[in-house]
Amino acid sequence: MSNDFRLGGDLPINRIGFGAMRLPTNTFHGPARDPETGRAVLRRAVELGINHIDTAAFYASGDGSVRANALIREALHPYPDDLVIATKVGPVRTPDGGLAATTDPTALRALVEENLDTLGVDRLDLVYLRIGGIEPPPQGESVAERFEALAAMRDEGLIRHLGLSNVDSGHLAEARAIAPVSAVQNHFHADKRDDTEVLATCEEADIAYVPFFPLGGGLSDLTGDRIAKVAERHDATVPQIALAWLLESSPVTLAIPGTGSLAHLEENTSAGSIVLTREDLADLS
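Described below are features of the structure shown in this document. (Residues numbered from 1 in each chain as written. Predicted model: local features only at pLDDT ≥ 70, side-chain atom pairs only at ≥ 80, totals over all residues. Heavy atoms only, no water.)

What to know about the nonpolar core
Then comes step 1: In this structure, Leu-7, Phe-18, Leu-42, Ile-72, Leu-150, Val-184 and Ile-241 are the most contacted members of the largest nonpolar core, which totals 87 residues.
Then comes step 2: Those residues in contact with Leu-42, other than ones at most four positions away along the chain, are Phe-18, Leu-23, Ile-53, Leu-71, Ile-72, Ala-75 and Leu-76. (Core = buried A, V, L, I, M, F, W, Y, C linked by side-chain atoms within 4.5 Å. Buried < 20%, exposed > 50% of the residue type's maximum accessible area, 1.4 Å probe, protein only. Contact = heavy atoms within 4.5 Å.)

In structure tokens, the structure reads:
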């Protein structure tokens, strides 16, 4: 199993990355976390060899006082040459601190510019068009106008690579007819394996498949007997085995576990060194 992947064919990244959603707060509506701890986590992530950070301008504490993009810029700017920062547009914060989906393609420019400004860059490495909520929206909803808007900004030089988040195979095919898709970010993990059709398409086309909530996101319990058995065999934790399985599931899968804890960061990152055997994979099937 290779520990590297070439995003979009030209950006080499470690397959274990870092998700920034939990840096400002543990939940979207939760209280702010200590920003200095968040900055320390980011610096340590880079020290550990992580060169792929997944973020969004709407990743913020409930009161808006701590924001992921600001922490990333404060901790890491000027950025290392090999650091790839991915962000996503589509959702926007509502006055009550929640999220609402943006379906107006003309609104995406302001969201892209917000990410450019808050991250302090002239071009974004990877921008996902995020649609819907946790589950993909009903089949038949077109992403064409929104993806065309992002593709136009890519042609302007504001974006390097384009991605899709929370989509089905129809959305992916529709977008690929407009412009190259370099990454897909859907809900998928060791106990949620129902996105096999999209994953197979990504593998065939060498598109990065980057699951959100790779450890369940608090929505799924990964502490079942199957994973625990393999974890005991490797003297590892359940999350480490879940991440190792994710990387083993396909050569195009990337893991972006998120945390606001230095200890959890170390634990998650070391999962990349776990080699699962055929026996392990059989137990996890």
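Quick look at the environment of Thr-196
Then comes step 1: Relative to the helices and strands, Thr-196 resides in helix H6 (residues 196–205).
Then comes step 2: When its relative accessible area of 48% is taken as the criterion, Thr-196 is described as partly exposed. (Helix = DSSP H or I, 4+ residues; strand = E, 2+ residues; numbered from the N terminus.)

Notes on the pattern of salt bridges
Then comes step 1: Per the stated rule, a full pass over the model turns up 17 salt bridges.
Then comes step 2: Salt-bridge contacts for Glu-156 lead to Arg-109; the nearest nitrogen and oxygen are separated by 2.4 Å. One end of the pair, Glu-156, is in helix H4 (residues 144–156); the other, Arg-109, is in helix H3 (residues 108–119), with 47 residues separating them in the sequence.
Then comes step 3: Judged by relative accessible area, Glu-156 falls into the partly exposed class, the value being 49%.
Then comes step 4: For Arg-109, a relative accessible area of 32% puts it in the partly exposed group. (Salt bridge = Lys/Arg side-chain N within 4 Å of Asp/Glu carboxyl O.)

Topic: the packing of aromatic side chains
Then comes step 1: A full pass over the atoms with the stated rule returns four aromatic pairs.
Then comes step 2: Where Phe-58 meets Tyr-59, the ring centres are 5.3 Å apart and the plane angle is 85 degrees; that geometry is what we call edge-to-face. With respect to burial, Phe-58 and Tyr-59 carry one shared label: buried.
Then comes step 3: Grouping aromatic residues by their ring pairs yields a cluster made of Phe-188, Tyr-209 and Trp-245.
Then comes step 4: In this arrangement the basic side chain of Arg-130 is found over the ring face of Phe-212, its NZ or CZ atom lying 4.5 Å from the centre. (Phe/Tyr/Trp six-rings, centres within 6.5 Å; stacked < 30°, edge-to-face > 60°. Lys NZ or Arg CZ within 6 Å of the ring centre and 35° of its normal.)

Topic: the sheet that holds strand S4 (residues 52–54)
Across a sheet, strands are paired by hydrogen bonds formed along the backbone, either parallel or antiparallel in direction.
Then comes step 1: Spatial strand order, S3-S4-S5-S8-S9-S10-S11: seven strands in an open sheet with parallel pairing. The open sheet has two free edges, formed respectively by strand S3 (18–19) and strand S11 (208–209), since each of these has just one partner strand.
Then comes step 2: As judged from the two bridges shared by strand S10 (residues 183–185) and S11, these two strands associate in the parallel manner. Residue pairing in the sheet places Val-184 in a bridge with Tyr-209 of S11.
Then comes step 3: In this fold H3 packs onto strand S5 (84–89), strand S8 (124–130) and strand S9 (159–165), with an angle of close to 150 degrees to the strand it touches most, S5. (Pairing = 2+ DSSP bridges. Axes fitted to C-alpha atoms, helices over the stretch in contact; angles between N-to-C directions.)

As for the side chain of Arg-130
Then comes step 1: Examined against the element boundaries, Arg-130 turns out to sit in strand S8.
Then comes step 2: In this structure, Arg-130 is buried with no salt-bridge partner, the nearest side chain bearing the opposite charge being Asp-54 at 8.5 Å.
Then comes step 3: Here the side chain of Arg-130 touches Ser-165 through a polar contact of 3.1 Å, side chain to side chain.
Then comes step 4: Those residues within four positions of Arg-130 in sequence are excluded, and the remaining contacts are Lys-88, Val-89, Gly-90, Pro-91, Ser-165, Asn-166 and Phe-212. (Lys, Arg positive; Asp, Glu negative; His and termini not counted. Polar contact = N/O pair within 3.5 Å; in protein donor to acceptor, adjacent residues only side chain to side chain.)

Focus: the pairing of strand S2 (residues 11–14)
Then comes step 1: Of the two faces of S2, the one lined by Leu-11 and Ile-13 is fully buried and the one lined by Pro-12 and Asn-14 carries no buried residue.
Then comes step 2: Pairing of strand S1 (residues 4–7) with S2 involves four bridges; the strand directions are antiparallel. From the neighbouring strand, Leu-7 faces S2, where its bridge partner is Leu-11.
Then comes step 3: Taking the residues between adjacent antiparallel strands as the criterion, S1 and S2 are bridged by three residues, where Gly-8 takes a positive phi near 65 degrees.

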